[in-house]
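Letter by letter, the chains look like this.
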Protein chains: 2
Amino acid sequence: MKPELNVFKIGGGIIDNEADLLEFLRQFSAVASPKILVHGGGKGASEMLQRLGLTPRMVHGRRITDAVTLDLVTMFYAGKTNKQIVAALQSSGVNALGLSGADGNVIRAVKRPVREIDYGFVGDLSEANVNTGLLHQFLIWGLTPVFCPINHDGNGQLLNTNADTIAAAVAKAMSKQYAVILHFCFEKRGVLADVSDNNSVITKINLTDYAELKESGIIADGMLPKLENAFEALQFGVEKVIIEHALHLNDDLKTTLCLT
Amino acid sequence: MKPELNVFKIGGGIIDNEADLLEFLRQFSAVASPKILVHGGGKGASEMLQRLGLTPRMVHGRRITDAVTLDLVTMFYAGKTNKQIVAALQSSGVNALGLSGADGNVIRAVKRPVREIDYGFVGDLSEANVNTGLLHQFLIWGLTPVFCPINHDGNGQLLNTNADTIAAAVAKAMSKQYAVILHFCFEKRGVLADVSDNNSVITKINLTDYAELKESGIIADGMLPKLENAFEALQFGVEKVIIEHALHLNDDLKTTLCLT
């Protein structure tokens, strides 16, 4: 039987609130090893851009990562946020190791090809780009990898990458050696049947349920790409995907996704 | 016989000039493994402080690392500079792994005690604070550790630390298992007999020479603490200390320090 590996992803909503972040890290510390944390960005880089009198470049409502923005997200995500998380985890006995994809060449990304939009220094990646051998070594050595959403292309270029994509790619890649449980943690208790009712958590969704929930419009908007990602991870061999509240990891109410 | 380990330290003068930095990294890539790089800060954090309309806090001419400054140096040193160096090394075939002291608890520092001056979030450390077991594993796995000058205290606090001190502490600690050569790389070819003549490099300095050079005033000012540090490293077991030009690692002219 494969050993269990828990991969957690937290987003900007948790990172932007220091008390919430510390509470999540306290609960994450109690999760049995081996485990991996992937964190997103938060508002820091955008706020700094504005304080410097610069305007974020947007095309069709989507942020473009130009050279200045890349510098700032690298400073915030790989520097401040990643090191604060690592130091906090160390203080509660978790031997955290902060990583960008460039470190140990642990994730290699490809600059997103220019089609209608030039997204700038944004990286795309798949499970094939994850250096599972080194990650496995880190885990055996008792380390807890903490990924920031900055990767590299192998030619010296850093690339800003979506943290959901990193978490899914790492989970998929590691599922060859581990029974991987992928946790998407955010500010709700799970997928809600009624967006206005935080207790209306749908506790289990399989592929048939998912098709029906999509059809009926209950799952829509931002939740759609998340769930597409999640079901793809399951089809690729990830054991379980859980969507849960970042501040209530022990809550009974949460959404578990499975194929059948 | 112990295997050889080269520990290189580069300072802000090299980091602030992108072409110089890339040239150093190109030459560093050609050095045989195992090897370790320690980099200092550079002007980025101070310039950002000024662009944000903030004034660096100085006491008796010395910079104080307050909370805002700590955030900025963490962003620049652990984020931008460290990841750019790691990505550049990866592109030339060096499997670099960027590290703050918090990562893998690889260096633990102590906040400098407040005496006449409160330096703020500044860390002091010695060779006893270096996690040689994990560093040794990284080297065995073929990784090249790249240290930024940010460490932690084990209680969740990040601390700004002098890069010369980190390089000397790492060199000393690793000298139990390795024949360590510690390289201080800067913008001169070595210790100069005549500061105005870049070719007046003193090629070899032992403890007796050092006493005489100090006595005669040839070694003075900023070079004194560097050499004190270096001779202490030699006395602790480091095999050799070399002071050399960061852009001419293969130059025959350089200063080698040894005990006898």
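See the structure above.
The structure presented is a predicted model; accordingly, all values stated were derived computationally and were not measured.

Rules behind the numbers
- One numbering rule holds for all chains: residues counted from 1, following each sequence as written.
- Both sets of labels track the order of writing: A upward for chains, 1 upward for ligands.
- Confidence filtering applies because this is a predicted model: local features only for residues at pLDDT of at least 70, side-chain atom pairs given and counted only at 80 or more, and all residues used for totals across whole chains, interfaces and linings.
- Each side-chain value is derived from all of the structure's non-hydrogen atoms; neither hydrogens nor water enter the calculation.
- Strands here mean DSSP runs of E at least two residues long; helices mean DSSP runs of H or I at least four residues long; both are numbered from the N terminus.
- Think of a polar contact as two N or O atoms within 3.5 Å of one another; within protein, one of them needs to be a possible hydrogen donor and the other a possible acceptor, and neighboring residues in sequence only count if both atoms come from side chains.
- Buried residues are those whose accessible area, probed at 1.4 Å on protein chains only, stays under 20% of the maximum for their type, while exposed residues exceed 50% and partly exposed ones sit between those limits.
- Here, residues are in contact when the closest pair of their heavy atoms is within 4.5 Å.
- Superposing copies: least-squares fit, C-alpha atoms only, residues required to have pLDDT of at least 70 in both.
- Axis lines are fitted through C-alpha atoms, for helices just across the contact stretch, and the angle between N-to-C directions can take any value from 0 to 180 degrees.
- Each angle is binned into one of four classes, with values under 35 degrees roughly parallel, values over 145 roughly antiparallel, values of 65 to 115 roughly perpendicular, and all other values oblique.
- A crossing counts as left-handed when the near helix is turned anticlockwise from the far one by less than a right angle, and as right-handed when that turn is clockwise.
- Lys, Arg, Asp and Glu make up the charged group, whereas Ala, Val, Leu, Ile, Met, Phe, Trp, Tyr, Cys and Pro make up the nonpolar group; the residues left over, Gly among them, are polar.

> Looking at this structure, how should I read the side chain of aspartate 251 of chain A?
Residues and elements named next belong to chain A. Relative to the elements of secondary structure, aspartate 251 occurs in the loop between strand S13 (240–245) and strand S14 (255–257). Polar contacts involving the side chain of aspartate 251 include one to the side chain of arginine 189, which spans 2.9 Å. Here the side chain of aspartate 251 touches leucine 253 through a polar contact of 3.0 Å, landing on its backbone nitrogen.

> Sorry, what's going on with the environment of valine 59 of chain B here?
All names here are of chain B. Among the secondary structure elements, valine 59 is positioned in strand S3 (residues 58–59). For valine 59, a relative accessible area of 28% gives the class partly exposed. If sequence neighbours within four positions are ignored, valine 59 has contacts with Ile64 and Ile117.

> Is there a simple way to explain the relation of the copies chain A and chain B in this structure?
For the pair of chain copies, the relating transformation is a rotation about an axis with a translation along it. Mapping chain A onto chain B is achieved by rotating through 180° and translating by 0.0 Å along the same axis, at an RMSD of 0.0 Å. Here the copies are linked by what is in effect a two-fold axis. For chain A, the smallest separation between a C-alpha atom and the rotation axis is recorded for glycine 79 of chain A, amounting to 1.8 Å. Most of the interface of chain A is mirrored in chain B, where 100% of its interface residues again form contacts.

> Would you explain the packing of helix H7 (residues 207–215) of chain B against helix H8 (residues 223–236) of chain B in this entry?
Packed helices, taken two at a time, are described by the angle between their axes plus the distance between the axes. Residues and elements named next belong to chain B. Two elements in contact, H7 and H8, have axes separated by 12 Å at closest approach and are oriented at 165°. Comparing their axes, H8 and H7 come out roughly antiparallel. The interaxial crossing formed by H7 with H8 has left-handed handedness. Across the interface between the two elements, Leu207, Tyr210 and Lys214 of H7 pack against Leu224, Leu227, Glu228, Phe231 and Gln235 of H8. The class makeup of the residues in the contact of H7 with H8 is 5 nonpolar, 1 polar and 2 charged.

Purely spatial values, then, with no claim about function.
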